[in-house]
Amino acid sequence: MSIFTTSTPVIGTPENGEWPLVHPLACLPEPALETPTQGSIPDDAACMALWDKYGMLDNIRAHSRMVAHIATELAQRARAAGFPVNVAAVRASAMLHDIAKTYSVLHGGSHAQLGASWVVAETRNHALAQGVLLHVHWPWAVPEQEPERLFSIPFFVIYADKRVKHDQCVPLRQRYEDLLVRYGHTEKARKGIRLSWQQGECIERAFEAHLGYAIHEDSFDSGRLVQRA
């Protein structure tokens, strides 16, 4: 069976204006979640140097900073709760999650796949690259009852990215209502956006259950709360 004909519905963000309902990885075996044991973990300065190298647009830089901020806050909370989270690795992956976005806007292609290949080439750290590759959507079941898997780089980056509209932290509903307006021009597109929204809510509920606090109310800005729509 072709990986492009699996019936598994998977969505993320649009590439070249289309929302694919089938993720090219969906029919492959679920991967082991990498731990950052090899390669380098770039700090913020090194990540920003890579932004410069790959010509990242200013608005994407601002977006990436906010995604990294939210992912870092969540990773710190998980570590404080006793889960073995490498906070620096989560932050680096989040800083680099859209490293290929500018290129894909200009030339096409999957910014997640291309970005992951660039991160491997630059850092030799497959755990960081896995977060970049899978930040648009997790094509398998979310491990809600397996915190040792849930609290891994891809889920921190996926959730943080879903909470950021441009460069502002917003509730999931507000982010996806904006996407419906901007990209929901066909029923296929609207279905894709809603499925991605549902995955975000699934990850959010799982994080809240294991961390014991209302993540959906957190704006990640000095403790200010946001209203759940």
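Participant: Would you mind going over the nonpolar core with me for this structure?
Facilitator: Most often, soluble globular proteins have nonpolar side chains that are buried together. Core analysis: the largest hydrophobic core is formed by 60 residues, its most contacted members being Leu74, Phe151, Phe155, Phe156 and Phe207. Those elements giving two or more residues to this core turn out to be helix 1 (44–53), helix 2 (58–80), helix 3 (87–95), helix 5 (111–123), helix 6 (126–133), helix 8 (153–162), helix 9 (172–183) and helix 10 (187–211). With eight residues, the top contributor of residues to this core is helix 2. Once residues within four sequence positions are removed from consideration, Leu74 is found in contact with Phe156, Tyr159, Phe207, Tyr213, Ile215 and Phe220.

Participant: Just checking my understanding: could you explain unusual backbone geometry for this structure?
Facilitator: If a residue is not glycine, its phi is most likely negative; likewise, a peptide bond is most likely trans. The phi torsion at Arg124 lies on the positive side, around 60°, for a residue other than glycine. Position of Arg124 among the secondary structure elements: in the loop between helix 5 and helix 6. A residue is classified by how much of its surface remains accessible, and Arg124, at 57% relative accessible area, is exposed. Although it is not a glycine, His166 adopts a positive phi angle of roughly 60°. Within the fold, His166 resides in the loop between strand 1 (164–165) and strand 2 (168–169).

Participant: Is there a simple way to think about the pattern of salt bridges in this case?
Facilitator: The full count for this structure, using the stated rule, is seven salt bridges. Residue Asp52 is joined to Arg61 by a salt bridge in which the shortest nitrogen-to-oxygen separation is 2.9 Å. Here Arg61 falls in the buried class, since its relative accessible area comes to 15%. We note a salt bridge from Arg182 to Asp178, for which the minimum N-O separation is 2.9 Å. Of this pair, Arg182 and Asp178 both sit in helix 9, separated by four residues, roughly a single helical turn. When its relative accessible area of 14% is taken as the criterion, Asp178 is described as buried.

Procedures and definitions
Residues numbered from 1 in each chain as written. Predicted model: local features only at pLDDT ≥ 70, side-chain atom pairs only at ≥ 80, totals over all residues. Heavy atoms only, no water. Core = buried A, V, L, I, M, F, W, Y, C linked by side-chain atoms within 4.5 Å. Buried < 20%, exposed > 50% of the residue type's maximum accessible area, 1.4 Å probe, protein only. Helix = DSSP H or I, 4+ residues; strand = E, 2+ residues; numbered from the N terminus. Contact = heavy atoms within 4.5 Å. Salt bridge = Lys/Arg side-chain N within 4 Å of Asp/Glu carboxyl O.

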